[in-house]
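Fold and contact review
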Protein chains: 2
Amino acid sequence: MASTSSLALSQALLTRTISQNGSENRVSVPAFSGLKATSPRTIATVRRSVSTSSHSLRPTLVCAAAVEAIETTTDSSLVDKSVNTIRFLAIDAVEKAKSGHPGLPMGCAPMSHILYDEFMRYNPKNPYWFNRDRFVLSAGHGCMLHYALLHLAGYDSVREEDLKSFRQWGSKTPGHPENFETPGVEVTTGPLGQGIANAVGLALAEKHLAARFNKPDNEIVDHYTYSILGDGCQMEGISNEVCSLAGHWGLGKLIAFYDDNHISIDGDTNIAFTESVDKRFEALGWHVIWVKNGNNGYDEIRAAIREAKAVKDKPTLIKVTTTIGYGSPNKANSYSVHGAALGEKEVEATRNNLRWPYEPFQVPEDVKSHWSRHTTEGAALEADWSAKFAAYEKKYPEEAAELISIISGELPAGWENALPTYTPESPGDATRNLSQQCLNALAKVMPGFLGGSADLASSNMTLLKAFGNFQKDTPKERNLRFGVREHGMGAICNGIALHSPGFIPYCATFFVFTDYMRAAMRISALSEAGVIYVMTHDSIGLGEDGPTHQPIEHLSSFRAMPNIMMFRPADGNETAGAYKIAVTKRKTPSVLALSRQNLPQLPGTSIESVEKGGYTVSNNSTGNKPDVILIGTGSELEIAAQAAEELRKEGKTVRVVSFVCWELFDEQSNAYKESVLPSDVSARVSIEAGSTFGWGKIVGGKGKSIGIDTFGASAPTGKLYKEFGITVEAMVDAANSLI
Amino acid sequence: MASTSSLALSQALLTRTISQNGSENRVSVPAFSGLKATSPRTIATVRRSVSTSSHSLRPTLVCAAAVEAIETTTDSSLVDKSVNTIRFLAIDAVEKAKSGHPGLPMGCAPMSHILYDEFMRYNPKNPYWFNRDRFVLSAGHGCMLHYALLHLAGYDSVREEDLKSFRQWGSKTPGHPENFETPGVEVTTGPLGQGIANAVGLALAEKHLAARFNKPDNEIVDHYTYSILGDGCQMEGISNEVCSLAGHWGLGKLIAFYDDNHISIDGDTNIAFTESVDKRFEALGWHVIWVKNGNNGYDEIRAAIREAKAVKDKPTLIKVTTTIGYGSPNKANSYSVHGAALGEKEVEATRNNLRWPYEPFQVPEDVKSHWSRHTTEGAALEADWSAKFAAYEKKYPEEAAELISIISGELPAGWENALPTYTPESPGDATRNLSQQCLNALAKVMPGFLGGSADLASSNMTLLKAFGNFQKDTPKERNLRFGVREHGMGAICNGIALHSPGFIPYCATFFVFTDYMRAAMRISALSEAGVIYVMTHDSIGLGEDGPTHQPIEHLSSFRAMPNIMMFRPADGNETAGAYKIAVTKRKTPSVLALSRQNLPQLPGTSIESVEKGGYTVSNNSTGNKPDVILIGTGSELEIAAQAAEELRKEGKTVRVVSFVCWELFDEQSNAYKESVLPSDVSARVSIEAGSTFGWGKIVGGKGKSIGIDTFGASAPTGKLYKEFGITVEAMVDAANSLI
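The name given to chain A in an unreviewed UniProt entry is transketolase, and the organism recorded there is Camelina sativa. Taken from UniProt, the Catalytic activity (unreviewed entry) comment for chain A reads in full: "D-sedoheptulose 7-phosphate + D-glyceraldehyde 3-phosphate = aldehydo-D-ribose 5-phosphate + D-xylulose 5-phosphate". According to UniProt, the comment filed for chain A under the heading Sequence similarities (unreviewed entry) is "Belongs to the transketolase family."

And the structure:
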């Protein structure tokens with residue numbers, strides 16, 4: 001494909017996309033690309049139906065001069081009008097829904113108007129154009145701001161009827177921004193602080209790609225990442241984590257607007273938030289600008305954005321002091337305008353106050369006309385870039401092929417052959433080490449594979465040996481060094497994953513510290529970001545570090561979470577099998593729970609079997625009716641296998657089942673499930689060094705589950721297994737009590 | 001009790017403690033007090049046995065002059081020797097365990113020696129003396145530092161044999177500091193950033209009590225809170241959250257040492273952490289001091305602590321630049337000394353380098369003798385305070401009675417009568433509103449009841465109407481304003497709860513945002529901190545805010561966590577019942593999942609029934625054999641009740657069971673369980689607007705669970721219930737399919 005033209009490429013990608021629509025549910029390759037806007041939904045989770053729109057593949061060709069015109073300044077009375085249009089679209093939609101957050105859109109309308117109308121580069125008719133500027137509304141509750149902007153800019157995802165069905169069942173305008181519902185929305189925000197973290201990930205992705213692919217004569221990767229965050233985002237610890245990293249990494253093309261409105265839900269921020277945000281960001285290595293009049297200071301805002309763009313080696317925070325609910329005579333500058341409809345009377349008062357004679361949801365003709373140029377200009381931007389890409393591809397075919405892979409998400413042919421396989425004779429090893437073999441094998445064949453650990457690279461075994469560290473001055477490298485910032489790490493990886501479908505980010509810490517990053521992991525699952533979570537030290541098997549470090553309830557807690565796969569591989573083949581699926585399912589994140597301690601390579605495991613989630617590892621019964629079924633996962637599958645040996649010596653027929661991924665087993669046919677766990681066999685024993693919560697469904701009312709339902713303890717591993725009763729003897733006894 | 005003398009009080013408390021040892025498991029009143037050191041363990045979770053030690057009740061009386069002597073400076077060669085003793089105790093213990101973290105203790109020995117030997121006020125023979133200075137090792141992996149200090153200071157919890165059994169089964173010296181194992185350890189640390197957050201909670205508790213109880217002539221509450229935190233703690237978002245609050249609150253008696261050693265597990269901190277910590281803390285409102293020579297600059301350290309103590313209106317960060325693994329010729333200043341034993345050869349080299357001729361675990365006689373004064377001086381400190389308390393009690397009997405309640409944890413007689421009760425005729429209401437009635441009722445009768453929300457007070461309904469806001473200048477008030485900092489909030493509450501047994505902190509946010517604070521909640525459970533988590537908006541019932549705000553898997557995820565009670569009350573009586581147990585069980589935290597939407601007061605519920613966890617609400621069968629059992633929780637109990645009505649109209653016998661707290665039901669006798677869920681009745685249907693994960697065990701192999709195993713959606717509540725099938729019709733159909 002490396003030598004095809006850009007157009008041929010587009011068509012090839014389209015063909016691929018269409019052919020995948022019929023592919024197996026949840027195993028589809030992601031269908032976004034830089035060159036088309038078709039977005040088939042093939043997720044397993046049930047949601048309300050969303051129509052998929054298909055747009056023109058070939059952008060209209062417009063001269064490049066038009067592109068440059070975007071940054072020119074507009075007549076200020078028209079700006080006033082456009083800003084008020086944004087305000088009233090938000091007011092009207094919230095009023096109609098009788099629910100929502102009008103305050104932020106009313107305050108942030110000026111900065112966001114200038115940003116979307118004068119600075120940002122995008123193509124409304126192809127929201128997935130690769131080289132677009134990214135925008136993240138970190139203060140996601142103010143989503144009507146973003147919907148209003150997308151509407152004015154000409155995105156088909158937010159038409160007038162969508163604004164009118166704000167927060168209603170099946171609409172494209174849900175109560176918080178959801179990337180999987182609304183093209184033009186890059187990530188899913190609402191939980192505070194996540195968005196700015198996603199923005200850091202998006203900016204990291206751009207910096208990385210630019211360093212890898214740009215040439216002196218062709219800067220094929222070149223976009224900004226903008227974000228608006230509020231006081232709430234600023235208070236959340238995650239924002240400090242990621243902004244510290246953004247400063248460290250020198251993400252010069254990240255520009256964040258801080259909506260400094262002094263109001264949060266509990267009232268004036270002075271009741272809980274009196275730090276100096278400016279100074280903190282300077283300490284974090286950011287360039288900081290203060291726009292004192294965010295309500296009307298259009299030129300101040302413009303100047304600030306220009307200054308921010310001129311600072312290349314640091315991210316910029318533009319603190320914009322605004323009035324929440326600006327324009328509402330009785331509710332502006334108070335918490336009452338934050339999260340509730342203004343009410344009929346106050347809407348009327350605001351209309352009078354801002355001299356707004358228009359009907360609800362009406363966009364004045366001159367405003368409409370002013371914004372209409374973005375459709376042609378956006379098409380021109382994309383066409384310009386496509387031409388640039390064609391030249392790039394001709395001159396740098398190898399690099400272009402890699403970049404296409406990242407843009408399209410198409411996995412390289414035969415990539416799965418890179419995964420290592422094992423026989424029972426292969427040396428035993430900790431699954432964290434086996435995981436490292438997979439990570440390194442995959443990074444070699446996948447151009448978009450990158451990641452790292454939260455300061456535990458040498459414990460999580462996550463270093464990519466063929467690459468150096470992604471740093472401020474070495475951004476083309478692929479080892480990310482997150483420091484001890486688990487929450488920020490997860491959310492940054494969401495941003496990377498959602499930058500381009502071919503990015504496959506992984507991140508790592510001890511399994512127990514998923515507690516620190518759970519909010520980001522849930523958003524991976526919700527927003528269909530196929531992040532791979534490499535979680536080592538997955539049980540009391542980590543030993544002496546004790547109960548603060550020993551996961552107990554964590555397996556259960558992820559098995560209960562929608563649209564995330566919880567893998568607990570037992571050996572090398574299962575580890576490779578878990579990676580195979582994790583890489584394939586780009587819209588479902590994966591968690592791999594991996595052992596610190598050595599484990600043997602077991603007979604009966606295989607990469608392919610992992611796809612079934614649960615499967616028979618060994619069996620000495622006939623007719624699908626063993627005396628007992630022993631079920632294990634991860635490090636305890638070995639114990640189940642040993643217990644089976646003991647029981648077979650006693651003459652029993654025993655089946656051993658590996659339950660490596662419950663979610664995948666759930667997806668299998670009833671016939672397959674019956675072939676593994678026949679309903680006639682009620683004698684079932686499970687073993688897992690974690691909570692037994694949830695196992696009742698697998699072992700049934702008459703089965704037994706061996707596990708740990710208390711916290712662990714500090715002692716050597718062997719001692720812990722014995723004291724907590726995770727032993728062959730316990731399993732044999734339990735089995736015999738049921739036969 | 002208000003008029004008894006201090007000694008009589010001690011005896012009364014002791015008597016109470018002893019009588020409680022025979023009380024019902026998990027419902028014991030906490031037994032710590034300011035005046036004794038007996039620590040009976042009555043938790044329900046199974047852990048290795050820990051002997052309870054009983055110490056002298058009456059401290060030896062020593063003249064007050066001795067107390068003052070503590071702050072004098074010691075001959076510097078003896079300081080060297082004591083500092084090296086600490087280093088080698090850490091080295092030797094880690095070496096013997098072949099596991100642990102020697103680097104931090106070797107680097108932090110100087111500052112911690114000076115702190116524990118020259119500044120801190122404590123009584124080694126009564127680790128629970130109320131007015132002691134608190135110390136928190138936030139960088140908990142360096143726990144051998146703390147164990148060495150406790151050993152030298154004369155704490156009976158860490159004798160030589162305890163040091164020798166570091167990180168072994170059943171020892172008092174586990175791999176990370178655990179307050180429930182080792183008297184002298186205030187809180188449980190290890191997960192980074194938690195400790196400094198706990199320290200903020202401890203300092204808040206002191207400031208609050210001092211403001212409430214101190215008199216111009218008698219400052220009965222007066223202690224400092226010290227903490228050591230490392231680079232890892234600094235990187236974690238939680239530390240920024242809580243340090244922002246500490247600055248906002250002006251916690252002048254909080255003094256944190258930042259072990260600035262430039263090394264974390266992944267190597268030099270310059271790979272991920274190049275911000276200016278000093279400037280960030282200044283931005284957060286802290287006083288910042290830099291000790292450049294933390295390895296030998298004893299006088300610099302002393303001067304810094306004195307300066308910190310002199311700054312009354314701000315917390316102080318003392319940045320102490322140290323060398324990790326100081327003294328090790330080949331491993332100092334590298335990550336290799338962070339988290340592994342030095343190895344025999346390097347231990348020898350370090351002994352030579354530091355000219356240390358002593359045997360492993362040996363404390364030189366002059367060092368021993370130097371530290372021995374802390375036993376008498378500590379007793380004198382306590383005696384001095386006890387005398388002060390006796391005078392206080394005489395002059396201010398009412399205040400003294402309140403303070404005694406907070407110190408002892410003894411609940412006021414008849415407190416439970418304050419809880420509201422309801423009849424089916426009482427107006428329906430959201431359980432979040434009913435919760436507010438309970439909070440306000442309890443705050444009136446409980447002197448140590450206080451708390452707040454993470455910027456959602458008006459949504460969580462958590463304001464205490466009789467009190468103002470705890471702020472820098474109004475610290476005696478009881479409404480805490482945490483800002484949007486869920487993680488920090490939870491960990492601060494852990495610190496408050498563990499300051500004194502009579503503190504009952506609650507904290508609040510939307511239930512889905514437990515994801516942000518789960519690491520702190522797990523430490524509540526592990527460290528036996530009876531925090532009450534008030535979690536509102538507990539399902540899709542919150543409506544339009546959509547899937548980012550709608551909990552699905554959260555109930556399951558807490559049911560799987562050890563030693564935490566997950567309540568989902570259905571109405572007023574169940575809400576009051578949940579609070580009753582939450583308040584009583586001081587060593588087990590509680591989570592209350594509460595509705596945003598209005599619910600009716602149901603017939604058949606009661607405060608008392610909640611204690612059983614699951615109970616029959618209505619029943620028209622005889623002989624414990626209904627045709628079907630319908631099980632619900634929270635907002636869905638009403639649906640179960642309505643479905644029962646429908647089915648009864650059809651002539652079926654139906655039992656309705658409320659499953660308000662699974663953990664409590666688990667604790668009931670088999671006979672009781674059988675009376676609620678007879679094993680003969682396999683026709684069981686559960687309904688809950690959340691994940692069905694875990695319900696298999698309750699409804700059995702032949703039952704059905706109605707729930708939501710995907711993410712929610714943005715729409716009005718009624719529409720969501722209908723679309724997700726959480727309806728009376730669905731329950732009736734499911735029941736009929738089983739009968």
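Back to the text.
Right, let's talk about the overall build of chain A for a bit. Looking only at helices and strands, chain A has 26 helices and 20 strands in total. Relative to its 739 residues, chain A shows a buried fraction of 70%. A sequence separation of at least 24 residues applies to 78% of the contacts in chain A between residues at least 6 apart. Carbon and sulfur atoms make up 50% of the accessible area of chain A, which totals about 21900 Å².

Bringing the pairing of strand β6 (residues 287-291) of chain A into the picture now. Residue and element names in this part refer to chain A. With five bridges joining them, β6 and strand β7 (residues 316-321) adopt parallel strand pairing. By the bridge assignment, valine 291 is partnered in β7 with valine 320. Handedness of the β-α-β unit built from β6, helix α11 (residues 298-310) and β7 comes out right-handed.

A separate point is the pairing of strand β7 (residues 316-321) of chain B. All names here are of chain B. The buried fraction of β7 is high, at six of six residues. In this sheet, β7 lies alongside strand β3 (residues 254-260) in parallel orientation, the contact comprising six bridges. Residue isoleucine 255 lies in a different strand from β7, and its bridge partner there is threonine 316.

All names here are of chain A. Along the chain, asparagine 84 falls in helix α3 (residues 76-97). For asparagine 84, a relative accessible area of 10% puts it in the buried group. Filtering out sequence-adjacent residues up to four positions away, asparagine 84 remains in contact with Leu354 and Trp356.

Right, let's get into the relation of the copies chain B and chain A. Aligned on chain A, chain B shows an RMSD of 0.0 Å; the corresponding rotation is 180 degrees and the shift along the axis is 0.0 Å. Expressed as a symmetry operation, the mapping of one chain copy onto the other fits a two-fold axis. Both copies contact each other with a shared surface, as 100% of the interface residues of chain B are interface residues in chain A too.

This brings us to the sheet that holds β3 of chain B. Residues and elements named next belong to chain B. One open sheet accounts for five strands, arranged β1-β2-β3-β7-β6; its pairing is parallel. Each having just a single partner strand, β1 (134-137) and β6 (287-291) make up the two edges of the open sheet. Across the sheet, the mean angle separating the axes of adjacent strands is 15 degrees when strand polarity is ignored. Two elements, strand β2 (residues 225-229) and β3, share five bridges in a ladder whose sense is parallel. Across the sheet, residue isoleucine 228 finds its bridge partner in β3, namely phenylalanine 257.

In this structure's numbering, the residues bearing the UniProt feature "domain: Transketolase-like pyrimidine-binding" (unreviewed entry) are residues 429-601 of chain A. The annotated region residues 429-601 of chain A carries 38% helix and 18% strand content, and the separation between its end C-alpha atoms amounts to 8 Å.

Attention now moves to the pattern of salt bridges. Side-chain pairs of opposite charge can arise where the charged atoms are in close proximity. Within this structure, the stated rule accounts for 62 salt bridges over all chains. In this structure, lysine 125 of chain B and aspartate 156 of chain B form a salt bridge, with 2.8 Å as the shortest nitrogen-oxygen distance. Remark: aspartate 156 of chain B occurs in the loop between α5 (143-153) and α6 (160-164) and lysine 125 of chain B occurs in the loop between α4 (103-119) and β1; sequence separation between them is 31 residues. Residue class for lysine 125 of chain B comes out partly exposed when judged on its relative accessible area of 30%. Its salt-bridge partner being arginine 132 of chain B, residue glutamate 186 of chain B comes within 2.8 Å of it at the nearest N-O pair. Residue glutamate 186 of chain B is located in the loop between α6 and α7 (194-213), and its partner arginine 132 of chain B is located in the loop between α4 and β1; the two are separated by 54 residues in the primary sequence. Because the salt bridges share partners, they merge into one network encompassing Asp117, Arg373 and Glu377 of chain A.

Attention shifts here to the sheet that holds strand β18 (residues 654-658) of chain A. Two orientations exist for strands paired in a sheet by backbone hydrogen bonds: parallel and antiparallel. Residues and elements named next belong to chain A. Sheet architecture is open: five strands sit in the order β16-β18-β17-β19-β20, paired in mixed fashion. Looking at the sheet topology across the chains shown, the edges are occupied by β16 (615-619) and β20 (704-706). Ignoring strand direction, the axes of neighbouring strands in this sheet form an average angle of 20 degrees. Two elements, strand β19 (residues 684-687) and β20, share three bridges in a ladder whose sense is parallel. Residue isoleucine 687 lies in a different strand from β20, and its bridge partner there is isoleucine 706.

Counting residues at the interface gives 97 residues for chain B, matched by 97 residues for chain A. For the pair chain B and chain A, the two sides together bury roughly 8100 Å², of which 58% comes from carbon and sulfur. The tally of links between chain B and chain A comes to eight salt bridges. Across the pair glutamate 553 of chain B and arginine 522 of chain A runs a salt bridge whose closest N-O atoms are separated by 2.8 Å. There are 47 residue pairs in polar contact (both at pLDDT 80 or more) connecting chain B and chain A. The set of elements that each furnish at least two residues to the side of chain B that touches chain A consists of α8 (231-235), α9 (237-249), α10 (277-283), α16 (457-460), α17 (486-499), α18 (514-526), α19 (554-559) and α26 (717-723) of chain B. At seven residues, the largest contribution of residues to the side of chain B that touches chain A is made by α18 of chain B.

Residue and element names in this part refer to chain B. Note on placement: phenylalanine 135 falls in strand β1. Once the C-alpha coordinates of phenylalanine 135 and serine 112 are considered, the two residues, 23 residues apart in sequence, prove to be 10.0 Å apart. Residue contacts for phenylalanine 135: discarding those within four places in its chain leaves Leu115, Tyr116, Met120, His146, Glu186, Tyr226 and Ile228.

Our next topic: helix α12 (residues 344-353) of chain B. All names here are of chain B. Of the positions making up α12, those classed as buried are Glu346, Val347, Thr350 and Arg351. Projection of α12 onto a plane perpendicular to its axis shows the buried side chains occupying an angular sector of 145 degrees, all on one side. Residues Glu344, Lys345 and Asn352 are exposed on α12 and point more than 90 degrees away from its buried face. In this fold, the buried residues of α12 make contact with α3 (76-97) and α4. Where α12 ends, the next residue or the one after it, arginine 355, has phi of about 50 degrees, a positive value.

In this section: the packing of aromatic side chains. Enumeration over the complete set of coordinates arrives at 52 aromatic pairs over all chains. Between tryptophan 249 of chain B and phenylalanine 482 of chain B the ring centres are 6.2 Å apart and the planes differ by 75 degrees, which places this aromatic pair in the edge-to-face class. Here tryptophan 249 of chain B is found in helix α9, whereas its partner phenylalanine 482 of chain B is found in the loop between β10 (479-481) and α17, with 233 residues between them in sequence. Each member of the pair, tryptophan 249 of chain B together with phenylalanine 482 of chain B, is buried. In this arrangement the basic side chain of lysine 612 of chain A is found over the ring face of tyrosine 672 of chain A, its NZ or CZ atom lying 5.1 Å from the centre.

All names here are of chain B. Two elements in contact, α3 and α5, have axes separated by 9 Å at closest approach and are oriented at 125 degrees. The pairing of α3 with α5 is recorded here as oblique in orientation. You can see that α3 and α5 cross each other, and the crossing is right-handed. Touching Ser82, Thr85, Ile86, Leu89, Ala90, Ala93 and Val94 of α3 are Met144, Leu145, Ala148, Leu149, His151 and Leu152, all from α5. Here the residues of the contact of α3 with α5 are counted per class, giving 10 nonpolar, three polar and no charged.

What counts, and where the lines are drawn
- Residues numbered from 1 in each chain as written.
- Chains lettered and ligands numbered in written order.
- Predicted model: local features only at pLDDT ≥ 70, side-chain atom pairs only at ≥ 80, totals over all residues.
- Heavy atoms only, no water.
- UniProt positions renumbered as here; feature names shortened; annotations may be inferred.
- Helix = DSSP H or I, 4+ residues; strand = E, 2+ residues; numbered from the N terminus.
- Buried < 20%, exposed > 50% of the residue type's maximum accessible area, 1.4 Å probe, protein only.
- Contact = heavy atoms within 4.5 Å.
- Areas by Shrake-Rupley, 256 points an atom, 1.4 Å probe, with all protein chains shown as cover.
- Pairing = 2+ DSSP bridges.
- Right-handed = clockwise from strand over helix to strand, strands pointing away.
- Least-squares fit on C-alpha atoms with pLDDT ≥ 70 in both.
- Axes fitted to C-alpha atoms, helices over the stretch in contact; angles between N-to-C directions.
- Salt bridge = Lys/Arg side-chain N within 4 Å of Asp/Glu carboxyl O.
- Buried area = accessible area lost by both parts, 1.4 Å probe.
- Polar contact = N/O pair within 3.5 Å; in protein donor to acceptor, adjacent residues only side chain to side chain.
- Arc of directions from axis to C-beta.
- Phe/Tyr/Trp six-rings, centres within 6.5 Å; stacked < 30°, edge-to-face > 60°.
- Lys NZ or Arg CZ within 6 Å of the ring centre and 35° of its normal.
- Parallel < 35°, antiparallel > 145°, perpendicular 65-115°, else oblique.
- Left-handed = near helix turned anticlockwise from the far one by under 90°.
- Nonpolar A, V, L, I, M, F, W, Y, C, P; charged D, E, K, R; others polar.

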